[in-house]
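# Fold and geometry: a report
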Amino acid sequence: RPFRLGQDEEILTQLQNAVFRGSWGFCPNTVEEVTARVRLERCDPECIVFVTDNSLPSAYNWTTRASSDDGATGRIAMMGVHPDYRGRHLGRQVTVAGMEGLKAKGVGKIELEVDSKNAPARELYKELGFVKLREALWYEKRLNIGDRQL
């Protein structure tokens, strides 16, 4: 089902936080942050879709789009399946729904980023026809300040 502006911000926040809990670099979002993001210029609330189980969202796909000289480009900004629902092929279902939504909006190409250690997601995107364009490296240094590690 599509995202409902003004009604689903808390649901999306909870789902997103559950999906990415424990992922490298993820910091849980607040309802206020998600509320602001779904209202950004590049975000069309119609381009956020849920897969539900008895009205409970179990997966989501959040896409954005931008126009450029070579046409509209879509972006899968976030996609995830709640841990309780993994292994049921919902990732494919919700990703295809997001791709179809972008295509209906006139997008000529779709981009995304994926964590190199997320083998199921990498395999799904490859099966859906995505090709690797480039690779990014992320570095981290933990600092000890007093008795706390930052």
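Above this text is the structure in question.
Below: a short report on this structure. Keep in mind the model is a prediction, meaning the values are calculated, not measured.

Conventions we followed
Residues numbered from 1 in each chain as written. Predicted model: local features only at pLDDT ≥ 70, side-chain atom pairs only at ≥ 80, totals over all residues. Heavy atoms only, no water. Phe/Tyr/Trp six-rings, centres within 6.5 Å; stacked < 30°, edge-to-face > 60°. Helix = DSSP H or I, 4+ residues; strand = E, 2+ residues; numbered from the N terminus. Axes fitted to C-alpha atoms, helices over the stretch in contact; angles between N-to-C directions. Parallel < 35°, antiparallel > 145°, perpendicular 65-115°, else oblique. Left-handed = near helix turned anticlockwise from the far one by under 90°. Contact = heavy atoms within 4.5 Å. Nonpolar A, V, L, I, M, F, W, Y, C, P; charged D, E, K, R; others polar.

## Brief notes about the packing of aromatic side chains
- Per the counting criterion, the structure on display carries three aromatic pairs.
- On the numbers, 6.3 Å between centres and 40° between planes, the contact of Phe-3 with Phe-50 is tilted. Residue Phe-3 is found in the segment before helix H1 (9-20), and its partner Phe-50 is found in strand S1 (residues 43-53); the two are separated by 47 residues along the sequence.

## Quick word on the packing of helix H3 (residues 90-104) against helix H4 (residues 119-127)
- H4 packs onto H3 with a crossing angle of 50° between their chain directions and a minimal axis gap of 11 Å. Overall, the two elements H3 and H4 adopt an arrangement that is oblique. Considering how the two elements wind past one another, H3 and H4 form a crossing that is right-handed. Across the interface between the two elements, Gly-91, Arg-92 and Thr-95 from H3 touch Leu-124, Tyr-125 and Glu-127 from H4.
- Grouping the amino acids of the contact of H3 with H4 by side-chain chemistry returns two nonpolar, two polar and two charged.

Everything listed is a geometric property; what it means functionally is a separate question.
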